[in-house]
Amino acid sequence: MDAETEKDVDLTLPGWGSWAGVGAVPSKPQKKIIKKAKSTAPRKDVGMDHVIICTKKNRKLDQHLVRRLPHPYKNRSTFEREMRQPIGPQWNSVKAFRNMIKPSETVLDGHIIEPISVPKGFDKVPSKRSRGKKLQI
(Lines give C-alpha, C1' and ligand atoms only; values in the text may rest on other atoms or scores of the structure.)
Protein backbone atom coordinates (compact mmCIF):
# COMPACT_ATOMS: atom_id res chain seq x y z
CA MET A 1 0.00 0.00 0.00
CA ASP A 2 2.90 2.39 0.80
CA ALA A 3 4.57 1.69 -2.56
CA GLU A 4 1.62 3.26 -4.41
CA THR A 5 1.63 6.59 -2.53
CA GLU A 6 4.10 9.29 -3.52
CA LYS A 7 6.18 10.98 -0.83
CA ASP A 8 7.91 14.36 -0.51
CA VAL A 9 11.51 14.33 -1.76
CA ASP A 10 14.27 16.35 -0.08
CA LEU A 11 16.54 17.75 -2.85
CA THR A 12 18.93 19.58 -0.49
CA LEU A 13 22.52 18.44 -0.93
CA PRO A 14 24.06 17.68 2.47
CA GLY A 15 27.15 19.70 3.29
CA TRP A 16 26.85 22.34 0.56
CA GLY A 17 27.26 25.84 2.03
CA SER A 18 27.90 24.55 5.54
CA TRP A 19 31.62 23.80 5.42
CA ALA A 20 34.13 26.37 6.45
CA GLY A 21 37.90 26.29 6.58
CA VAL A 22 40.29 27.77 9.20
CA GLY A 23 39.47 31.45 9.67
CA ALA A 24 36.40 31.38 7.38
CA VAL A 25 33.17 32.90 8.55
CA PRO A 26 30.38 30.28 8.70
CA SER A 27 27.58 31.06 6.28
CA LYS A 28 23.86 31.18 7.01
CA PRO A 29 22.10 27.80 7.03
CA GLN A 30 20.78 26.89 3.61
CA LYS A 31 17.06 26.77 2.96
CA LYS A 32 15.85 23.19 2.43
CA ILE A 33 14.58 22.37 -1.05
CA ILE A 34 11.69 19.92 -0.85
CA LYS A 35 9.77 18.66 -3.87
CA LYS A 36 6.15 18.12 -2.85
CA ALA A 37 4.35 14.94 -3.86
CA LYS A 38 1.31 15.22 -6.10
CA SER A 39 -1.95 15.10 -4.23
CA THR A 40 -3.97 12.05 -5.26
CA ALA A 41 -7.61 11.13 -4.88
CA PRO A 42 -8.42 9.26 -1.68
CA ARG A 43 -8.18 5.50 -1.87
CA LYS A 44 -11.35 3.40 -2.14
CA ASP A 45 -10.40 1.38 0.93
CA VAL A 46 -9.97 4.38 3.27
CA GLY A 47 -11.74 3.71 6.55
CA MET A 48 -12.19 -0.02 5.89
CA ASP A 49 -10.21 -2.14 8.33
CA HIS A 50 -8.54 -5.29 6.96
CA VAL A 51 -9.41 -4.35 3.35
CA ILE A 52 -6.93 -3.53 0.58
CA ILE A 53 -8.33 -2.62 -2.84
CA CYS A 54 -5.69 -2.84 -5.56
CA THR A 55 -6.37 -0.49 -8.47
CA LYS A 56 -3.49 -1.67 -10.63
CA LYS A 57 -4.39 -3.53 -13.84
CA ASN A 58 -3.38 -7.19 -13.74
CA ARG A 59 -2.02 -8.08 -17.19
CA LYS A 60 -1.93 -11.83 -16.45
CA LEU A 61 -5.61 -11.78 -15.56
CA ASP A 62 -6.44 -9.83 -18.72
CA GLN A 63 -5.85 -12.88 -20.96
CA HIS A 64 -8.59 -14.81 -19.12
CA LEU A 65 -11.30 -12.17 -19.59
CA VAL A 66 -14.10 -12.87 -22.05
CA ARG A 67 -14.05 -10.44 -24.99
CA ARG A 68 -17.17 -11.65 -26.86
CA LEU A 69 -20.31 -13.44 -25.75
CA PRO A 70 -19.91 -17.24 -26.14
CA HIS A 71 -22.16 -19.14 -28.58
CA PRO A 72 -25.14 -20.50 -26.65
CA TYR A 73 -25.80 -17.27 -24.73
CA LYS A 74 -28.10 -14.59 -26.12
CA ASN A 75 -27.31 -11.76 -23.71
CA ARG A 76 -24.69 -10.77 -21.19
CA SER A 77 -26.84 -11.17 -18.07
CA THR A 78 -27.56 -14.87 -18.68
CA PHE A 79 -23.88 -15.57 -19.30
CA GLU A 80 -22.85 -13.77 -16.10
CA ARG A 81 -25.54 -15.60 -14.11
CA GLU A 82 -24.24 -18.96 -15.35
CA MET A 83 -20.63 -18.04 -14.53
CA ARG A 84 -21.54 -16.97 -11.00
CA GLN A 85 -23.10 -20.36 -10.25
CA PRO A 86 -20.42 -22.64 -8.74
CA ILE A 87 -20.08 -26.14 -10.22
CA GLY A 88 -18.28 -27.97 -7.41
CA PRO A 89 -19.78 -30.75 -5.28
CA GLN A 90 -19.48 -28.54 -2.18
CA TRP A 91 -22.27 -26.26 -3.47
CA ASN A 92 -24.44 -28.73 -5.41
CA SER A 93 -25.82 -32.18 -4.72
CA VAL A 94 -23.75 -35.09 -6.02
CA LYS A 95 -26.36 -35.93 -8.67
CA ALA A 96 -26.53 -32.33 -9.93
CA PHE A 97 -22.71 -32.10 -9.92
CA ARG A 98 -22.39 -35.25 -12.05
CA ASN A 99 -25.02 -33.92 -14.48
CA MET A 100 -23.13 -30.63 -14.84
CA ILE A 101 -19.76 -32.21 -15.62
CA LYS A 102 -21.12 -35.06 -17.77
CA PRO A 103 -19.77 -34.91 -21.35
CA SER A 104 -22.33 -34.07 -24.04
CA GLU A 105 -21.43 -37.15 -26.13
CA THR A 106 -20.12 -40.49 -24.98
CA VAL A 107 -18.56 -43.28 -27.04
CA LEU A 108 -18.16 -46.84 -25.85
CA ASP A 109 -14.66 -48.25 -25.60
CA GLY A 110 -13.38 -49.76 -28.84
CA HIS A 111 -15.69 -47.86 -31.20
CA ILE A 112 -14.07 -45.93 -34.05
CA ILE A 113 -14.74 -42.20 -34.21
CA GLU A 114 -15.01 -41.00 -37.80
CA PRO A 115 -13.02 -37.82 -38.56
CA ILE A 116 -14.84 -34.62 -39.44
CA SER A 117 -15.01 -34.07 -43.20
CA VAL A 118 -14.80 -30.66 -44.87
CA PRO A 119 -18.13 -29.69 -46.44
CA LYS A 120 -18.26 -28.95 -50.18
CA GLY A 121 -17.84 -25.33 -51.12
CA PHE A 122 -15.58 -24.63 -48.17
CA ASP A 123 -12.53 -22.63 -49.30
CA LYS A 124 -9.36 -22.71 -47.28
CA VAL A 125 -7.96 -19.45 -46.02
CA PRO A 126 -5.12 -18.39 -48.35
CA SER A 127 -1.71 -18.66 -46.70
CA LYS A 128 0.87 -15.88 -46.70
CA ARG A 129 2.86 -17.64 -49.42
CA SER A 130 -0.01 -17.77 -51.93
CA ARG A 131 -0.44 -13.96 -51.88
CA GLY A 132 -4.14 -13.91 -52.66
CA LYS A 133 -4.33 -16.95 -54.95
CA LYS A 134 -7.36 -19.13 -54.18
CA LEU A 135 -6.56 -22.70 -53.13
CA GLN A 136 -8.57 -25.59 -54.56
CA ILE A 137 -9.52 -28.58 -52.44
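Here's a quick rundown of the structure.

What counts, and at which threshold
Residues numbered from 1 in each chain as written. Predicted model: local features only at pLDDT ≥ 70, side-chain atom pairs only at ≥ 80, totals over all residues. Heavy atoms only, no water. Helix = DSSP H or I, 4+ residues; strand = E, 2+ residues; numbered from the N terminus. Buried < 20%, exposed > 50% of the residue type's maximum accessible area, 1.4 Å probe, protein only. Contact = heavy atoms within 4.5 Å. Areas by Shrake-Rupley, 256 points an atom, 1.4 Å probe, with all protein chains shown as cover. Patch = residues over 30% accessible without salt bridge, like charges linked within 9 Å, V, L, I, M, F, W, Y side chains within 5 Å. Salt bridge = Lys/Arg side-chain N within 4 Å of Asp/Glu carboxyl O. Polar contact = N/O pair within 3.5 Å; in protein donor to acceptor, adjacent residues only side chain to side chain.

A look at the overall build of the protein chain
Item 1. What the protein chain contains, in helices and strands, is three helices and two strands.
Item 2. Order of helices (α) and strands (β) in the protein chain, N terminus to C terminus: β-β-α-α-α.
Item 3. For the protein chain, the proportion of its 137 residues judged to be buried stands at 4%.
Item 4. When contacts within the protein chain are restricted to residue pairs at least 6 apart in sequence, those whose partners lie at least 24 apart make up 30%.
Item 5. A total of about 14700 Å² of accessible surface is found on the protein chain, and carbon and sulfur atoms cover 57% of it.

Brief notes about the environment of phenylalanine 97
Item 1. Tracing the sequence through the fold places phenylalanine 97 in helix H3 (residues 94–101).
Item 2. By relative accessible area, which is 21% here, phenylalanine 97 ends up partly exposed.
Item 3. It is 6.5 Å that separates the C-alpha atoms of phenylalanine 97 and isoleucine 87, two residues lying 10 residues apart in sequence.
Item 4. In this structure phenylalanine 97 touches Ile87, Gly88, Pro89 and Asn92, once residues within four positions along its chain are discounted.

Here we look at a nonpolar patch on the surface
Item 1. On the surface, a nonpolar cluster with roughly 260 Å² of combined accessible area is contributed by Val9, Leu11 and Ile33.
Item 2. Within the fold, leucine 11 resides in the loop between strand S1 (9–10) and strand S2 (34–35).
Item 3. In this structure leucine 11 comes out as partly exposed when scored by relative accessible area, which is 47%.

Details of the environment of asparagine 75
Item 1. Topologically, asparagine 75 is positioned in the loop between helix H1 (59–62) and helix H2 (76–84).
Item 2. For asparagine 75, a relative accessible area of 36% translates into the label partly exposed.

Description of the environment of aspartate 45
Item 1. Within the secondary structure, aspartate 45 sits in the loop between S2 and H1.
Item 2. A distance of 3.0 Å separates a polar atom in the side chain of aspartate 45 from the backbone nitrogen of isoleucine 53.

Focus: unusual backbone geometry
Item 1. Positive phi is not limited to glycine here, since histidine 50 has a value of about 60°.
Item 2. Here histidine 50 lies in the loop between S2 and H1.

Considerations on the pattern of salt bridges
Item 1. Across all of its chains, the model carries three salt bridges by this definition.
Item 2. Notably, a salt bridge pairs aspartate 45 with arginine 43, separated by 2.9 Å at the nearest N-O pair.
Item 3. Judged by relative accessible area, aspartate 45 falls into the buried class, the value being 6%.
Item 4. In this structure arginine 43 comes out as partly exposed when scored by relative accessible area, which is 23%.
Item 5. Between arginine 67 and aspartate 62 there is a salt bridge, with its nearest N and O atoms 3.2 Å apart.
Item 6. For arginine 67, a relative accessible area of 64% gives the class exposed.

None of the figures reported here should be taken as evidence of function without further support.
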